[in-house]
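Descriptive analysis of the structure
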Amino acid sequence: MLNISNAVFQLLVIPILIHYASPIKLGVYFIALSFGVLASILVNFGSSQTAVVEIRKATNENEKAVISAETLAIRFYPLCIAILVTIGLAAITDKGIYYLAILPMLFAEFINPQFYLTAEYKINKYSILNMAIRALVLGLIYIFRNNDQLIFIALFSSGLGMLLLNALFFKVAFPAANLFSFWPNFKRILALIKTHALIVGNGITVHLQQSLFLFALPAFASPIFLSAYGLIDKLISSCRMMVSAYSVAVMPKAAGEHLQGAAQWRTLKKQQNSILALACVCAGLVLYFFPQFILSLLLLGKSNVDAAFMIEATRLLQLIAVVPLLIALNVFNVAELILDKKFKSYFGAGLIVLLIAVLFLLFLYLGLPKYTLGYYPMIIEGACLVIYFLIIQSNRSNG
């Protein structure tokens, strides 16, 4: 429910921005939001992925309190770095105010309690409040739709809403009363950073595969294409959120099956892959054969939308029809590497795919036809699936 509501929120905000913001400002919104997500990955530092598994393994409340305190501690230094980088970007770019607008998003990620709530099966109340706050933020954005600072309001209010929500659950996830008694010493923090470095490295490289392309697009494409691609990128992001929501819901059970042995884990993985694949094949068929209908839903009607934007968005929708399936088939490959604690392999896979992304941009610079821009998501997600599959097969052979 949580990731689904976040995905729906994204898809409802974008039509408002498309109708009331210029293509140039809309492009800035997508770039600033992409940077915010990238910085949030740095702040989280892979802690949410590992903490769920560790809390499920904990045998008493004291162990859980230690894990929660260590989770907060490992996020502190990346938060400081992310804030400094954000302020630096704001100072040197002409659209710096939009980078400052994502600061609440970074603080929200610092105190993000989802790892604990998911592991303890206490996520329902959080999800309901998340929907309520998202609805309020959406209403606020709509009220200020004609304001010159609409893009800033959309970015800032989204982060502020998440910060408020996470603050409400801070005492649930973290041992607030005895936080510093559980706080790890600097040597332990360094050990945690070393352990998590490969995980966050993978998270950053995976996000860079998409955001790097978005950052580079202004050099190769028109503002209209940038806006259309930004919409499609958020649609892919929403799809990834939904697939991730499913995998997160399965993760506690997956961790248990994994502990029982490889056979049980592979049976579960095959079963869940089949369910996800069926859903994503259906979604892909709708994207390919009914792109105009999907755009009509996404844009809440097509009035006042630039015709050139609609043409670009329609073409891109058809090109990404296979992308949901590629994402779905890979999500449990990622889970397997995390459960096996193959963090070097996890980081290596992300690095290889990032290299492919950089090569694609290099080929564009050297003269690759501009119509190939739309194939980028399919190329990257396809490369992810193949590379992760090969790495897992190698690990199994050597295991």
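Structure's up top.
Residues numbered from 1 in each chain as written. Predicted model: local features only at pLDDT ≥ 70, side-chain atom pairs only at ≥ 80, totals over all residues. Heavy atoms only, no water.

A few words on the packing of aromatic side chains. How two aromatic rings sit relative to each other is given by the distance of their centres and the angle of their planes. Per the stated rule, a full pass over the model turns up 15 aromatic pairs. Seen in terms of ring centroids, Tyr77 and Phe186 are 6.3 Å apart; in terms of plane orientation they differ by 80 degrees. Their pairing is edge-to-face. Within this pair, whereas Tyr77 is found in helix 4 (residues 61-92), its partner Phe186 is found in helix 12 (residues 186-216), the two being separated by 109 residues in sequence. Ring geometry for Tyr126 and Phe169: centres 5.2 Å apart, planes at 70 degrees, overall edge-to-face. (Phe/Tyr/Trp six-rings, centres within 6.5 Å; stacked < 30°, edge-to-face > 60°. Helix = DSSP H or I, 4+ residues; strand = E, 2+ residues; numbered from the N terminus.)

What follows deals with helix 8 (residues 123-143). With 21 residues, helix 8 ought to run about 30 Å at 1.5 Å a step, and its terminal C-alpha atoms sit 30 Å apart, in line with that. Considered for burial, the residues of helix 8 that qualify are Ile123, Tyr126, Ser127, Asn130, Ile133, Arg134, Val137, Leu138 and Ile141. For helix 8, the arc enclosing every buried residue in end-on projection is 145 degrees, short of the 170-degree limit, so these residues lie on one face. Facing away from the buried surface of helix 8 by more than 90 degrees, the exposed residues are Asn124, Lys125, Leu136 and Ile143. (Expected span 1.5 Å × (residues − 1). Buried < 20%, exposed > 50% of the residue type's maximum accessible area, 1.4 Å probe, protein only. Arc of directions from axis to C-beta.)

Take the packing of helix 2 (residues 23-44) against helix 6 (residues 103-110) next. Running from amino to carboxyl end, helix 2 crosses helix 6 at an angle of 25 degrees, the nearest separation of the two axes being 9 Å. As far as their axial angle goes, helix 6 and helix 2 are roughly parallel. In the packing of helix 2 onto helix 6, the handedness of the crossing is right-handed. Of the residues in helix 6, those in contact with Leu33, Gly36, Val37, Ala39, Ser40, Val43 and Asn44 of helix 2 are Met105, Leu106, Glu109 and Phe110. When grouped by side-chain class, the residues that make up the contact of helix 2 with helix 6 number seven nonpolar, three polar and one charged. (Axes fitted to C-alpha atoms, helices over the stretch in contact; angles between N-to-C directions. Parallel < 35°, antiparallel > 145°, perpendicular 65-115°, else oblique. Left-handed = near helix turned anticlockwise from the far one by under 90°. Contact = heavy atoms within 4.5 Å. Nonpolar A, V, L, I, M, F, W, Y, C, P; charged D, E, K, R; others polar.)

Counted according to the given criterion, the structure contains eight salt bridges. With its nearest N and O atoms 3.1 Å apart, the salt bridge here joins Lys64 to Glu120. Of this pair, Lys64 sits in helix 4 while Glu120 sits in the loop between helix 7 (114-119) and helix 8, placing them 56 residues apart in sequence. The exposure classification of Lys64 matches that of Glu120, with both residues buried. (Salt bridge = Lys/Arg side-chain N within 4 Å of Asp/Glu carboxyl O.)

Inspection of the secondary structure assignment puts Ala255 in helix 13 (residues 223-260). Owing to a relative accessible area of 12%, Ala255 belongs among the buried residues under this scheme. Residues Ala255 and Arg56, spaced 199 residues apart in sequence, show a C-alpha to C-alpha distance of 8.3 Å.

Tyr29, Leu155, Phe213, Leu217 and Phe309 are the most contacted members of the largest nonpolar core, which has 126 residues in total. Per-element tally for this core: the top contributor is helix 13, with 14 residues. Not counting residues up to four positions away in its chain, the partners in contact with Leu155 are Tyr29, Ala32, Leu33, Tyr98, Ala101 and Ile102. (Core = buried A, V, L, I, M, F, W, Y, C linked by side-chain atoms within 4.5 Å.)

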